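Chain residues, written in single-letter form:
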Amino acid sequence: MRARGRWAAAVALAVLAASTVAALSARARLDALVTAALRQAGGDGTDATIDALGLTLAPPGLTFAVTLVKDTAVGTAFGGRGGLSGALAVDWVGWSGIAVTPVGCLAVRAEDVTVADTPLTLPDGGRLCPVDGAPLLGWSPRGVTLSGQLLVPRLDAPTRALRADALSLAMREDPTATTLDLRVDALRDTRALPAVAPLALTARAERPETTAWSFSGSALSAHGALSADFTGSHDPASGLGRVELRGKPLRLGDKGAALNDLSPLLASRMTKVSGVVTARAALSWEGDALRSSGRLLIESVGGVVGPVTVVGLNGTVALSSLWPLVIPDGQRVAMALLDVGVPLTDGVVRFGYGRDRRVDVDEAVWRWGGGTLRADPFELSPTAPKGTVTLRAQGVDIATLLALIQVDGMAATGSLSGVLPVRVESGRVRIDGAALESTGPGSLRYAPATPPAGLSGPEGSPTALLMGALSDFRYDSLRLSIDGEAGGELRAGLAVRGTNPTFYDGYPVALNLTLSGALDRILRQSLDAYRIPDTVRERMTGFDHPGVDHKEP
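Computed from a predicted structure; not experimentally measured.

**Comments concerning the overall build of the protein**
Part 1: Summing up its helical and strand segments, the protein has seven helices and 33 strands in all.
Part 2: Considering only residue pairs separated by 6 or more positions, the protein has 48% of its internal contacts joining residues 24 or more positions apart.
Part 3: Counting every atom, the protein has about 28500 Å² of accessible surface; 57% of that belongs to carbon and sulfur.

What follows is the structure in structure tokens.
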């Protein structure tokens, strides 16, 4: 007979013995009898104490209070003190069967309970009730049946910062199978800023004969935006188990859910979040050892984190651990825009996130003005970023930049390279001393059909001289400097050295111009040409096909 069957039979026999002794007004305590029965049924280390016992005739029933103690030194899966009290009706079924049915519901109490080394408390106690009027325990020559519904108003796991409200667990067992149905109205993260908003949870577990448990269920947020299904199994004999979770696409932003309704913790750190996120996760365990992994599909996600703005984030990200969160190195995502003071467009980032809670960026490359901006490897804490990110520009085409500005009558040739130091500290992002210099000689021409008011003037005036020099300027060197803070004004300056063959007979000229604000327009306008790189798109396409991207977590 299986352990659960032996438990049920032992309890049924103990209850029957208790009713018989009570009916005969016997005074002998049944502690040793019930304890021996429980241990024979497989409850090693369990002691039972009959706290109260009596037989009443109006209404008929056996009133009792029993305390069950599990010694934590005997195994670590379960420990503590539990108790049941109430009235039972004991009936004969036919000539050879017994049915034990609660009169109303039995009161449940628990003290110092631990499950898998996690302390649990029931501050409001609980009730054990019949299911559809069926007996709690039934015994016949065919075997033992067990049926009941445990109702717990509140269950707390303080060390896990979790709380379950309105928990219901219905159990049905007979000689052929055991079925458990679980429902939790609200599973809560009790921290001041919850990582996940309350979820409603439903699950069913089944175990035919002596095989492994199989279970399935779903979780749903109060607003219905966050929804996931899960399936799994557990083998009590080996202690091996596994569960796989598949989240439905989660749409954020104006056409979807508000981030605060899903994760107050993330909402405290991010604003203006939009896009679609789909999650997959897997948990496996062997005894007390728990392993977790997952994957995220990110589609057109954007948001603001402090002074940094992200637009059009796309890709798949593997998670090698969920608790604590670990993202292995080498994850690749594409983005339309990363604004860190200088808006960077059409980029690809390769990164990881370690147990030290720091983002480790191995590679980050953006297109810019026909060239590239590449970041030196760096690490930053997402919660308290501090440090300097060095961006190196190569092959930036001056003509492409000027074409994006769309200034009437301006044209140039040549390319730029240089360094843009980006300093992150105290929630602020600054560009300090960025400098881009020409890689060789080129030309700069500014001859608008109608000069702007600030550059028009009578012949011989400084503005007229400037327009004359720029009508056909051949530079030997060109330097673009950038300073400023993200969210504020960028100060950009252009310094050129060279000649105009028709201006003072080609006399060497040095010009210094202010271009504040122009750089922001240059980079933002290039968003129109953004597309997801093929390598990132292939990984996204293979999100639901383990063989295309990487192994299922």
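Further notes follow.
**Description of unusual backbone geometry**
Part 1: Across the junction of Trp323 and Pro324, the peptide omega takes the value -5°, indicating a cis bond.
Part 2: Topologically, Pro324 is positioned in the loop between strand S20 (321-322) and strand S21 (325-339).
Part 3: Positive phi is not limited to glycine here, since Arg357 has a value of about 60°.
Part 4: With respect to the element layout, Arg357 can be found in the loop between strand S22 (343-353) and strand S23 (359-368).

**A short note on the nonpolar core**
Part 1: Val349, Trp366, Leu391, Leu420, Val496 and Leu511 are the most contacted members of the largest nonpolar core, which has 56 residues in total.
Part 2: Of all the elements, strand S31 (residues 473-485) adds the most residues to this core, at five residues.
Part 3: The next biggest cluster of nonpolar side chains, apart from the first, holds 15 residues, and it includes Leu199, Leu201, Ala219 and Val243.

**Describing the pairing of strand S10 (residues 162-174)**
Part 1: Judged from the eleven bridges that link them, strand S9 (residues 143-157) and S10 form a sheet pairing that is antiparallel. What sits directly across from Ala157, in S10, is Leu162.
Part 2: Hairpin geometry of S9 and S10 is characterised by an intervening segment of four residues between the two adjacent antiparallel strands and by a positive phi of about 55° at Ala161.
Part 3: Alignment of S10 against strand S11 (residues 177-189), held across twelve bridges, turns out to be antiparallel. Counted as the bridge partner of Leu162 is Asp189 from S11.

**Focus: a nonpolar patch on the surface**
Part 1: A cluster of nonpolar side chains, Leu465, Tyr504 and Tyr507, forms an exposed patch at the surface whose accessible area comes to about 370 Å².
Part 2: Its place among the elements puts Tyr507 in the loop between strand S32 (490-499) and strand S33 (509-514).
Part 3: For Tyr507, a relative accessible area of 58% corresponds to the exposed category.

**Remarks on the environment of Pro382**
Part 1: Within the secondary structure, Pro382 sits in the loop between strand S25 (378-380) and strand S26 (387-397).
Part 2: Taking relative accessible area as the criterion, Pro382 reaches 41% and is therefore assigned partly exposed.
Part 3: As for Pro382 and Val305, which are separated by 77 residues in sequence, their C-alpha atoms are 8.9 Å apart.
Part 4: Contacts of Pro382, omitting those with residues within four sequence positions, involve Tyr353, Arg357, Arg358 and Val359.

**Regarding the environment of Leu325**
Part 1: Within the secondary structure, Leu325 sits in strand S21.
Part 2: By relative accessible area, which is 40% here, Leu325 ends up partly exposed.
Part 3: As a C-alpha pair, Leu325 and Ser293 span 32 residues in sequence and 9.0 Å in three-dimensional space.
Part 4: Setting aside its immediate chain neighbours within four residues, Leu325 contacts Leu319, Tyr353 and Gly354.

**As for the environment of Met171**
Part 1: Tracing the backbone shows Met171 in strand S10.
Part 2: Separated by 35 residues in sequence, Met171 and Glu206 have C-alpha atoms that sit 9.9 Å apart.
Part 3: Those residues in contact with Met171 that sit more than four places away from it in its chain are Leu146, Ser147, Gly148, Thr179 and Leu180.

**Some details on the pattern of salt bridges**
Part 1: Under the counting rule described, the total for this entry stands at 22 salt bridges.
Part 2: In this structure, the salt-bridge partner of Glu244 is Arg242, at a minimum N-O distance of 3.2 Å.
Part 3: Take Arg242: its relative accessible area is 33%, and that puts it in the partly exposed class.
Part 4: Ionic pairing is found between Glu363 and Arg350, a salt bridge with its closest N-O pair at 3.2 Å. Highlighted residues: Glu363 in strand S23 and Arg350 in strand S22, separated in sequence by 13 residues.
Part 5: In this structure Glu363 comes out as partly exposed when scored by relative accessible area, which is 23%.
Part 6: The exposure class of Arg350 is partly exposed, given its relative accessible area of 25%.

Criteria and cut-off values
- Residues numbered from 1 in each chain as written.
- Predicted model: local features only at pLDDT ≥ 70, side-chain atom pairs only at ≥ 80, totals over all residues.
- Heavy atoms only, no water.
- Helix = DSSP H or I, 4+ residues; strand = E, 2+ residues; numbered from the N terminus.
- Contact = heavy atoms within 4.5 Å.
- Areas by Shrake-Rupley, 256 points an atom, 1.4 Å probe, with all protein chains shown as cover.
- Core = buried A, V, L, I, M, F, W, Y, C linked by side-chain atoms within 4.5 Å.
- Buried < 20%, exposed > 50% of the residue type's maximum accessible area, 1.4 Å probe, protein only.
- Pairing = 2+ DSSP bridges.
- Patch = residues over 30% accessible without salt bridge, like charges linked within 9 Å, V, L, I, M, F, W, Y side chains within 5 Å.
- Salt bridge = Lys/Arg side-chain N within 4 Å of Asp/Glu carboxyl O.

Taken by themselves, the reported measurements are silent on function.
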